[in-house]
Amino acid sequence: MENSSVAPRRSFKQLLVVSSLIFGMFFGSGNLIFPVHLGQMAGSNWFVAALGFAISGSLFPLLAILAVVFTKSDGLYDLAKPVGRHYAALFLVLVHLTIGPFFGTPRTAATAYEMAVQPFLPTRFTTVGMLVFTGLFFAAAYVLATHQNSLVKVVGKYLNAFFLAMLAVLFVVAFFNPMGSLQHTPTAAYQANATVSGLLEGYNTVDAVALLALSVTFVHAVRGLGYRDRELTKLTAHAGTLSIVLEIAIYFGLVLLGAFSMSQLKLSANGGVALSAIVGHYFSNFGTLFLGVLVTLGVFTTALGLVTSFAQDFHKLFPKVSYLNWLRVTTFVSFVVANAGLNAIIAWSLPVLMLLYPLSLALILVSLTVSKRPYAGLVYKLTIAFAAVPAVLDMLNTAPAVVSGFGPVAAVLSFYHAVVPFASLGLGWIVPTLVGFVIGFVWGRVRWTAQSTVPDNN
């Protein structure tokens, strides 16, 4: 027992394994297809657009990882608890239901099916094929998630390594034989301010929200290796940084693929169509199968992390239900929702994501800056309160027309877009959040200073 607190020596090989685990937990289909489409839209402005995408698609998720390890939170509930226990519970439920069985997890299986299986099936077998594929997909995720001690080995060492090797093959072939030049006229959104447009496109990955929940999974995995406290924080921070650097390199490569493709392709409806066409160009009939395996490997590692973190956090919030039972719930519900189809899943989720993203980034901000201060609770509460109002308005703005077009709602949204900076871009939460943070910090500091200078009459 005396040696249980002594961390093992950290090797570079172990750092790579943990980095690969972190990378595999959140790099999925969206991270593959959105940068390709961005490259097509950005054209000659591909580089500055990719910078914006890297900020929201890579920097924000890294900050989410650091927020969890810096505060030593044992899950999303602990991270949000300074705002209030009821808020923390509600936030945990909303995040996990959204990135878990109501959207994120079903999207992984639906994407894999539509890109890896459906092209090879006759139309009449589409529904049955989806049912069988998603059943096998989530059965495999359940089996692996019941063996948490094997997460590092399975995800970090094997599945993810194969995924990266296949992606490297695509890059080598494409960059030694590019489809054309990079001198193509950007679309309207990428002509005036390509960096901001790229940043907004990066929101589609939803990684900053997901990493708040997923971080607890690999923190538990690293603890299983024998690391504790300061060494745990250092290893996770270093491994997270390494994985983010790798992700940025992949993003730039995918953006370049999209930009090059405009010499021979028309602007695609989405990144999935664009990536399919690019891979088909280089690998002919084998291309579709190649892409399907590539995407399936990527989304499966993401699904594994999502179902595991869902079960861990819900077991902590509702301990009377075991981890295994929560795992069964999330895999079964994900299986059912996945069979609604990818388009329906995305349409249902957008308003909720517009609500959660500002709240998640606000939580990251306060966690990294004031979590250890004696007046942190006040700063947490005011920052989240100020972020919540524009977050709700952004949610209403992306809701179906029957809601967003309703008279009083439409009037409020019109005023919001006219008055609040960046609101028309979907970034109206930025200024109110910073105002709430400053008010909370100054107010808390003044109160704490006044209380600490009161003389002790005893």
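Residues numbered from 1 in each chain as written. Predicted model: local features only at pLDDT ≥ 70, side-chain atom pairs only at ≥ 80, totals over all residues. Heavy atoms only, no water.

Let us look at the overall build of the chain. Per the secondary structure count, the chain includes 19 helices and zero strands. A globule of 458 residues ought to have a C-alpha radius of gyration of about 23 Å, and the chain, at 23 Å, matches this closely. Taken along its principal axes, the extent of the C-alpha atoms in the chain is 85 × 60 × 40 Å. Considering the chain as a whole, with its 458 residues, one finds that 52% of them fall into the buried category. Carbon and sulfur atoms make up 68% of the accessible area of the chain, which amounts to about 20000 Å² in all. (Helix = DSSP H or I, 4+ residues; strand = E, 2+ residues; numbered from the N terminus. Rg over C-alpha atoms; globule rule 2.2 N^0.38 Å. Buried < 20%, exposed > 50% of the residue type's maximum accessible area, 1.4 Å probe, protein only. Areas by Shrake-Rupley, 256 points an atom, 1.4 Å probe, with all protein chains shown as cover.)

On the surface, a cluster of positive charge is contributed by Lys72, Arg230, Lys234 and Lys372. Mapped onto the elements, Lys72 comes out in the loop between helix H3 (46-70) and helix H4 (76-80). With relative accessibility at 55%, the residue Lys72 sits in the exposed group. (Patch = residues over 30% accessible without salt bridge, like charges linked within 9 Å, V, L, I, M, F, W, Y side chains within 5 Å. Salt bridge = Lys/Arg side-chain N within 4 Å of Asp/Glu carboxyl O. Lys, Arg positive; Asp, Glu negative; His and termini not counted. Charge placed at Lys NZ, Arg CZ, Asp CG, Glu CD.)

This brings us to unusual backbone geometry. In this model, Lys72 sits at a positive phi of 55 degrees, which is unusual for a non-glycine residue. A positive phi angle, near 70 degrees, is found at Phe422, a position not held by glycine. Judged by relative accessible area, Phe422 falls into the partly exposed class, the value being 44%.

So, about the packing of helix H6 (residues 104-116) against helix H14 (residues 323-338). The N-to-C vectors of H6 and H14 enclose an angle of 55 degrees; their axes lie 8 Å apart at closest approach. Regarding the angle of H6 to H14, the classification is oblique. Helix-helix and strand crossings are classified by hand; for H6 and H14 the assignment is right-handed. Residues Thr105, Pro106, Ala109 and Ala110 of H6 form the contact with H14, whose participating residues are Ser334, Val337 and Ala338. Classifying every residue of the contact of H6 with H14 by side-chain character gives five nonpolar, two polar and no charged. (Axes fitted to C-alpha atoms, helices over the stretch in contact; angles between N-to-C directions. Parallel < 35°, antiparallel > 145°, perpendicular 65-115°, else oblique. Left-handed = near helix turned anticlockwise from the far one by under 90°. Contact = heavy atoms within 4.5 Å. Nonpolar A, V, L, I, M, F, W, Y, C, P; charged D, E, K, R; others polar.)

What follows covers the layout of surface pockets. Roughly 740 Å³ of internal volume is contained in the largest pocket. As for the largest pocket, its lining consists of 30 residues, of which Ile33, Phe34, Arg107, Asn204 and Ile346 are closest to the centre. For the lining of the largest pocket, the elements supplying multiple residues, two or more each, are helix H2 (29-42), H6, helix H10 (194-202), helix H13 (271-317) and helix H15 (342-369). At eight residues, the largest contribution of residues to the lining of the largest pocket is made by H15. In terms of residue class, the lining of the largest pocket is made up of 15 nonpolar, 12 polar and three charged. The set of elements that each furnish at least two residues to the lining of the second largest pocket consists of H3, H15 and helix H19 (430-452). At six residues, H15 tops the list of elements feeding residues into the lining of the second largest pocket. (1 Å grid on protein atoms, 1.4 Å probe; cavity = no way out; pocket = protein on both sides within 12 Å on 5 of 7 lines; lining within 4 Å. Points joined across faces, edges and corners; volume = space filled by probe spheres on them.)

Moving on: the packing of aromatic side chains. For the structure on display, the rule yields 19 aromatic pairs. Pairing Phe137 with Phe138 gives two aromatic rings, centres 5.2 Å apart and planes at 80 degrees, and the pair type is edge-to-face. Like Phe138, Phe137 is buried. Among the aromatic residues, those joined into a cluster by ring pairs are Tyr113, Phe133, Phe137, Phe138 and Phe300. (Phe/Tyr/Trp six-rings, centres within 6.5 Å; stacked < 30°, edge-to-face > 60°.)

On to H19, then. Counted at 1.5 Å a residue, the expected span for H19 with its 23 residues is 33 Å, and the 33 Å between its end C-alpha atoms agrees. Among the residues of H19, those classed as buried are Pro432, Thr433, Gly436, Phe437, Gly440 and Gly444. For H19, the secondary structure elements touched by its buried residues are H15 and helix H16 (376-397). (Expected span 1.5 Å × (residues − 1).)

The next thing to look at is the nonpolar core. Of all hydrophobic cores here, the largest spans 130 residues; its most connected members are Leu32 and Phe137. No other element matches H13, which puts 21 residues into this core. Excluding anything up to four places from it in sequence, Phe137 contacts Thr108, Ala109, Ala112, Val299, Phe300 and Ala303. Residues Leu393, Val409, Tyr416 and Ala423 belong to the second largest nonpolar core, which totals five residues. (Core = buried A, V, L, I, M, F, W, Y, C linked by side-chain atoms within 4.5 Å.)

The next point concerns the packing of helix H7 (residues 126-145) against H13. The interhelical angle for the contact between H7 and H13, taken along N-to-C directions, is 55 degrees, at an axis separation of 9 Å. Between H7 and H13, the crossing angle belongs to the class labelled oblique. Our pair here, H7 against H13, has a crossing hand that is right-handed. Of the residues in H13, those in contact with Phe137, Ala140, Ala141, Leu144 and Ala145 of H7 are Val299, Phe300, Ala303, Leu304, Val307 and Thr308. Considered class by class, the residues forming the contact of H7 with H13 number 10 nonpolar, one polar and no charged.

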